[in-house]
Amino acid sequence: MEIRNIAIIAHVDHGKTALTDAILKQTGAAAEGTTMDTNALEQERGITIYAKNAAVEYKGTKINIVDTPGHADFGSEVERVLRSIDSVLLVVDAQEGPMPQTRFVLKKSLELGLKPIVVLNKIDKPAADPARSHDQVLELFMELGASDEQCDFPVVYAIGRDGRAALTPDELLVGDEKDLSPLLDLILEKVPAANATASADAPLMLQPFNLAYDNFMGRLAVGRIYEGTIRPNQNVFIKKPDGTTRTGRTTKVFTFKGLERVETAEASAGDIALIAGLPDIYIGETVTTNESAAPLPAIAVDEPTIALNFLVNNSPFAGKEGKYVTSRQLRDRLTKELEVNVGLKVDFTNADAFLVSGRGELHIAVLLENMRREGYELQVSQPHVITREENGVKLEPFEEVVIDTPSEFQGAIIEKLGQRAFVLQNLTQHGNSVRLTMLGPTRGLLGYKNMFVVDTKGEGILSSQFVGFKPYAGEIKKRQVGSMISMATGKALGYSLWFLQDRGQLYHKPAMGGD
């Protein structure tokens with residue numbers, strides 16, 4: 001059976017998971033109502049956080065699908081997957097067009113030489129403009145240095161929520177296309193067969209790009225088989241990227257069918273398999289049967305941009321909520337997280353405070369929420385950005401921010417972000433709304449989200465992506481006003497307030513009781 005390996009990539013909320021769910025349902029690989037977002041946090045937040053595998057059969061061909069996160073903070077989940085597949089479905093909202101994460105995931109795909117298939121989704125939206133979105137995608141391809149072959153990308157138009165696709169918008173909107181067959185046919189036509197050139201008889205070469213855990217089998221490695229065949233009870237060599245070698249033995253081998261893992265007697269070159277029996281396997285290592293083989297290239301991800309301290313809770317309320325409260329328990333939990341979260345870094349040098357570095361606020365927030373639900377109790381410090389120095393110049397992380405907002409709020413947004421060292425790069429008008437593109441330091445975004453919601457009355461949408469390290473932007477004064485707080489309890493008398501009233505607004509009247 002031929003095998004096709006694809007990943008579905010896009011900006012957050014452009015319809016990746018809905019499209020994947022529709023493919024699973026139409027090919028009979030999953031029941032109605034089944035979704036790829038199985039994690040409780042994913043279902044609550046309505047976003048994909050973890051990359052997940054599925055497989056369908058269509059016209060006698062097995063299609064391995066990897067659903068990836070769309071939020072920039074989970075970019076490391078996308079980066080490690082792209083190395084293990086042969087093409088990507090780039091999903092773009094036909095109304096919003098390319099967004100910051102669209103640029104990020106497309107850039108990574110093009111650098112690896114992949115030839116994307118573009119899916120213009122949600123073309124039934126009232127303000128959808130498929131032609132404009134197509135032109136914007138083409139401009140993005142050229143801007144990112146795509147080759148002529150990559151720029152000649154096939155396009156499919158879809159309504160992922162309804163599970164329908166067509167090769168032209170008219171066929172979809174007024175025609176009788178009832179399913180995703182045009183998209184699946186295009187995958188068979190354009191994506192190279194993963195097992196066409198790889199040899200199943202050669203020495204095994206497998207590289208894990210994800211890890212799972214089973215209560216009975218322990219750690220499981222999800223990896224792409226580049227060469228050879230893997231079987232249960234097989235002796236293998238595990239090589240780190242630096243060439244260090246150790247031995248291991250597989251116990252069970254699984255492949256994917258729908259969302260389920262199915263035990264198999266063997267998995268051959270080109271397939272994506274799940275292996276048990278290697279308790280110390282890590283993402284990016286090479287599993288082989290040839291001791292002299294060179295390890296596969298390491299899976300590299302971008303560096304973290306923010307850091308904060310995880311500390312033992314020593315407040316008066318310590319021990320009242322969680323059951324895991326000691327520094328040893330925190331250390332063990334963070335060590336376990338490092339095994340699967342390749343975008344995270346932890347400094348264990350300090351015995352009482354662990355410096356945790358991540359890709360963004362949401363990246364750290366999801367870790368904290370998972371730990372809280374597991375029963376861990378801790379306190380955290382204020383986040384700060386990670387700076388570096390090159391050639392005597394201090395550098396800090398910068399982000400590109402794209403904001404869609406009603407026109408009347410643009411002034412307040414530009415003013416507030418301007419005070420936080422952001423510079424307006426572009427402004428486009430679409431009816432009664434505007435799209436602002438601004439560039440500035442990551443520091444400026446810390447603590448801004450709540451202010452943004454208030455300024456736009458909840459009607460604005462803010463997306464950002466890390467663009468690199470740039471020269472330090474100087475001091476940012478986030479609070480333009482201060483507070484006058486009494487250093488003692490008692491009554492606020494008139495003569496005490498007399499000298500303060502010129503400095504700000506008073507909340508206390510003379511002779512009122514204090515706290």
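Above this note sits the structure.
Bear in mind the structure is a predicted one, so any value in this text is a computation, not a measurement. (Residues numbered from 1 in each chain as written. Predicted model: local features only at pLDDT ≥ 70, side-chain atom pairs only at ≥ 80, totals over all residues. Heavy atoms only, no water.)

Q: What's the story with the environment of Val262 in this structure? I'm lost.
A: Assignment of secondary structure puts Val262 in strand β14 (residues 260–263). Given the relative accessible area of 35%, Val262 is considered partly exposed. Along the primary structure Val262 and Ala273 are separated by 11 residues, whereas in three dimensions their C-alpha atoms are 9.7 Å apart. Not counting the four nearest positions on each side in its chain, Val262 is found in contact with Val253, Phe254, Thr255 and Lys257. (Helix = DSSP H or I, 4+ residues; strand = E, 2+ residues; numbered from the N terminus. Buried < 20%, exposed > 50% of the residue type's maximum accessible area, 1.4 Å probe, protein only. Contact = heavy atoms within 4.5 Å.)

Q: Whenever I open this one, the nonpolar core confuses me. Can you help?
A: Generally speaking, soluble globular proteins have nonpolar side chains that are buried together. Membership of the largest hydrophobic core comes to 57 residues, with the highest contact counts inside it found for Ile9, Leu90, Val118, Phe141 and Ile230. Looking at this core, the element that brings in the most residues is strand β16 (residues 272–276), giving five residues. Residues within four places of Ile9 in sequence aside, it is in contact with Lys16, Thr68, Val78, Leu82, Val88, Leu89, Leu90, Val91, Val105 and Ser109. Membership of the second largest hydrophobic core comes to 27 residues, among which are Leu24, Ala30, Ile65 and Val156. (Core = buried A, V, L, I, M, F, W, Y, C linked by side-chain atoms within 4.5 Å.)

Q: Explain the pairing of strand β24 (residues 393–406) here, please?
A: Sheet faces and side chains relate simply in a regular strand, where the side chains alternate between the two faces. Of all the 14 residues making up β24, 12 are buried; the element is thus mostly covered by neighbouring parts of the structure. Judged from the three bridges that link them, strand β23 (residues 388–390) and β24 form a sheet pairing that is antiparallel. Pairing of Glu390 across the sheet is with Val393, part of β24. Adjacent in sequence and paired antiparallel, β23 and β24 are bridged by two residues, among which Asn391 carries a positive phi angle near 55°. Bridge analysis of β24 against strand β27 (residues 461–471) gives 10 bridges, and the strand direction is antiparallel. Looking at β27, one finds that Leu395 is bridged to Pro471. In the sheet, β24 pairs with strand β26 (residues 433–441) via nine bridges, with the strands oriented antiparallel. In the sheet register, Glu399 faces β26, and the bridge partner there is Gly440. (Pairing = 2+ DSSP bridges.)

Q: What is the right way to look at the packing of aromatic side chains in this model?
A: Working definition: an aromatic ring pair is given by the centre-to-centre distance plus the angle between the planes. Following the criterion strictly, the structure yields five aromatic pairs and no others. Note on Tyr448 and Phe452: the rings are 6.0 Å apart at their centroids and 50° apart in plane angle, and the pair reads as tilted. Residue Tyr448 shares its accessibility class with Phe452, and that shared class is buried. Of note, Arg261 hangs over the ring of Phe254, and the distance from its end group to the ring centre comes to 5.5 Å. In this arrangement the basic side chain of Lys394 is found over the ring face of Tyr472, its NZ or CZ atom lying 4.1 Å from the centre. (Phe/Tyr/Trp six-rings, centres within 6.5 Å; stacked < 30°, edge-to-face > 60°. Lys NZ or Arg CZ within 6 Å of the ring centre and 35° of its normal.)

Q: How should unusual backbone geometry be read in this particular structure?
A: Keep in mind that most residues, glycine aside, have a negative phi and that most peptide bonds are trans. Its identity is not glycine, yet Lys122 carries a phi of approximately 60°, on the positive side. Positionally, Lys122 belongs in the loop between β5 (117–121) and α5 (130–143). In this structure, Asn391 is a non-glycine residue whose phi angle is positive, near 55°. Relative to the helices and strands, Asn391 resides in the loop between β23 and β24.

Q: I would appreciate a short explanation of the pairing of strand β9 (residues 218–227) in the present structure.
A: The buried fraction of β9 is high, at eight of 10 residues. Where strand β8 (residues 205–214) lies against β9, nine bridges are found, and the strand directions are antiparallel. Bridge pairing in β9 places Leu206 opposite Ile225. Here β8 hands over to β9 after three residues, the two strands then running antiparallel side by side. In this structure, β9 lies alongside β16, joined through five bridges in antiparallel fashion. Residue pairing in the sheet places Leu220 in a bridge with Ala276 of β16.

Q: Is there a simple way to explain the sheet that holds β9 in this structure?
A: Where strands meet in a sheet, backbone hydrogen bonds hold them as pairs that are either parallel or antiparallel. What the eight strands build is an open sheet, ordered β12-β11-β17-β8-β9-β16-β13-β14; its pairing is antiparallel. Strands with a single pairing partner mark the edges of an open sheet, and in this sheet they are β12 (245–249) and β14. The average angle at which neighbouring strand axes cross in this sheet is 40°, direction not considered. Direction of pairing for strand β11 (residues 235–239) relative to β12: antiparallel, over a ladder of five bridges. Note that in β12 the partner of Asn235 across the bridge is Arg249. (Axes fitted to C-alpha atoms, helices over the stretch in contact; angles between N-to-C directions.)

Q: Explain the pattern of salt bridges to me, please; I cannot follow it from the model alone.
A: If charged atoms from side chains of opposite charge come close, those side chains can pair. Using the criterion set out here, one finds 26 salt bridges in the structure. Between Asp332 and Arg328 there is a salt bridge, and its shortest N-O distance comes to 3.5 Å. With Asp332 and Arg328 both in helix α9 (residues 327–340) and four residues apart, this pair spans about one turn of that helix. On the basis of relative accessibility, which here comes to 52%, the residue Arg328 falls in the exposed class. A salt bridge links Arg443 to Glu396; its shortest N-O distance comes to 2.6 Å. Placement of the pair is Arg443 in helix α12 (residues 442–445) and Glu396 in strand β24, with a sequence separation of 47 residues. (Salt bridge = Lys/Arg side-chain N within 4 Å of Asp/Glu carboxyl O.)

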